[in-house]
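Spelled out from the first residue to the last, the chains are:
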Amino acid sequence: METQKPTKQERYTAASGYRLRATVVGTEIVAQSEPFDVQAGTGRALRFVRDANPATGEIAGRVWQSFAVELVDEHGNRAPDTGTLRLEVASVVSGEAGELRGLNGSLDFVVAQGVAEISGLSYDRVAELMVRIKDVEGRFAPLLFTVTVHPGNTEVFDIQVEDLQPLIAGHAFAVTITVRDLFGNTKENYAGSIALQTPLNHAPGELDSNAREIELTVADQGVTRVTGLILTRATEQILRVTDLPALPAQTGVTSSVVVQVVADTAVRAVFANLPSTVRVDEPLVDSGQPLSVSLYDAYDNLA
């Protein structure tokens, strides 16, 4: 009996337990081979492991979702090669330049049995990044993917006094309040209420004339400007901003800034140590208590 050879080369997915089966045409004769294995070829390309792709959105400073990269042969089989992959920021498409970091201090990941598990990455600036994964030995074309880094939770209110310090008592000034996360990124999507207070400006029991409750929307992009603030006590004072939580049980974020206030122009003079009576033969001023004149502004600050 004459046998016929295959007319084309058969290709298989790398796996174990393959068998060849042959049937003689026109008869019931069937032949089946012993099981054999098909092994992957030499690695030719990098690709993300299915269902383990990198996330497209991450939070500033927070560890990224882990993902995996595999080395495959020309037929898409995972190749059992080894090597080292390096991650780097190919470009900052938009936003602020920062540093791509790994928890272990390195951005090199070892390929073992054709796969590299990548975890522990973080980026602390708000930006849209193009990230590159490349083989250190340059054997394969690099992988590129984009990640949009969003601001983290509200951690601080950046309070900037627009007027030069020291401030003058009784003169209006303005402040700019910026909502930021732990890494200084502006929270452009912030929406909520904040309270501005100057607790040291007023006497006990007196209302704080600078107290404001400010409603921020997403349209404000995390920044608001407050005008018409007035401090009347010539001393070191505190401006305090507090995030008003949605629920009473929650604790809002509080930030503060210290400002220096000096007296305004003097509007009145007051004598000190002037005796109520004096004899005609006695000096008007006692050498032990010298006569003095003090100047005060309109807010009773010593000018």
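Okay, so let's go over this structure. The model shown is predicted, which means the values in this text are computed figures rather than measured ones. (Residues numbered from 1 in each chain as written. Predicted model: local features only at pLDDT ≥ 70, side-chain atom pairs only at ≥ 80, totals over all residues. Heavy atoms only, no water.)

**Considerations on the overall build of the protein chain**
(1) Moving on: Across its full length, the protein chain carries 0 helices and 24 strands.
(2) Moving on: A buried classification covers 32% of the 303 residues belonging to the protein chain.
(3) Moving on: Relative to all contacts within the protein chain whose residues are 6 or more apart in sequence, the contacts with residues 24 or more apart total 64%.
(4) Moving on: When the accessible surface of the protein chain is summed, it comes to about 18,800 Å², and 50% of that surface belongs to carbon and sulfur atoms. (Helix = DSSP H or I, 4+ residues; strand = E, 2+ residues; numbered from the N terminus. Buried < 20%, exposed > 50% of the residue type's maximum accessible area, 1.4 Å probe, protein only. Contact = heavy atoms within 4.5 Å. Areas by Shrake-Rupley, 256 points an atom, 1.4 Å probe, with all protein chains shown as cover.)

**Side note on the sheet that holds strand S14 (residues 143-150)**
(1) Moving on: A sheet is described by the order of its strands in space; here 5 strands give the open sequence S6-S14-S13-S8-S10, paired in mixed fashion. Bordering the open sheet on either side are strand S6 (57-59) and strand S10 (108-111), each of which pairs with just one other strand. Strand after strand, the sheet turns through a mean of 35 degrees between neighbouring axes, direction not considered.
(2) Moving on: As paired elements, strand S8 (residues 83-95) and strand S13 (residues 127-135) share 9 bridges and run antiparallel to each other. Looking at the pairing, Ser-94 lines up with Glu-128 of S13. (Pairing = 2+ DSSP bridges. Axes fitted to C-alpha atoms, helices over the stretch in contact; angles between N-to-C directions.)

**Remarks on the pattern of salt bridges**
(1) Moving on: Inspection of every chain in the model, using the stated rule, returns 13 salt bridges.
(2) Moving on: With its nearest N and O atoms 2.5 Å apart, the salt bridge here joins Arg-132 to Glu-88. Note that Arg-132 is positioned in strand S13 and Glu-88 in strand S8, a separation of 44 residues in sequence.
(3) Moving on: With its nearest N and O atoms 2.7 Å apart, the salt bridge here joins Arg-125 to Glu-96. Residue Arg-125 is located in the loop between strand S12 (121-123) and S13, and its partner Glu-96 is located in the loop between S8 and strand S9 (100-102); the two are separated by 29 residues in the primary sequence.
(4) Moving on: Note on Glu-96: relative accessible area 37%, which makes it partly exposed.
(5) Moving on: Residues joined in a network through salt bridges with shared partners are Arg-47, Glu-70 and Arg-78. (Salt bridge = Lys/Arg side-chain N within 4 Å of Asp/Glu carboxyl O.)

**Here we look at unusual backbone geometry**
(1) Moving on: A cis amide bond, omega 5 degrees, links Gln-165 with the succeeding residue Pro-166.
(2) Moving on: Residue placement: Pro-166 occurs in the loop between strand S15 (156-161) and strand S16 (167-168).
(3) Moving on: Of note, the phi angle at Gln-113 is positive, near 55 degrees, even though the residue is not glycine.
(4) Moving on: Along the chain, the position of Gln-113 falls in the loop between S10 and strand S11 (115-118).
(5) Moving on: Phi at Asp-300 is positive, roughly 65 degrees, even though this residue is not glycine.
(6) Moving on: Locating Asp-300 in the fold gives a position in the segment after strand S24 (292-296).
(7) Moving on: Exposure remark for Asp-300: the relative accessible area of 52% places this residue in the exposed category.

**Overview of the side chain of Ser-122**
(1) Moving on: In this fold, Ser-122 is placed in strand S12.
(2) Moving on: Beyond its immediate stretch of four places on either side in the chain, Ser-122 contacts Gly-61, Arg-62, Val-63, Trp-64, Glu-99, Leu-100 and Arg-101.

**A word on the sheet that holds strand S7 (residues 67-72)**
(1) Moving on: In space, the 3 strands of this open sheet follow the order S5-S7-S11, with antiparallel pairing throughout. The open sheet is flanked by strand S5 (45-48) and S11, the only strands paired with a single partner. Mean inter-strand twist for the sheet, computed between neighbouring axes without regard to direction, equals 25 degrees.
(2) Moving on: Note that S5 and S7 share 4 bridges and pair antiparallel. Its bridge partner lying in S7, Arg-47 is registered against Glu-70.

Geometry only, nothing functional implied.
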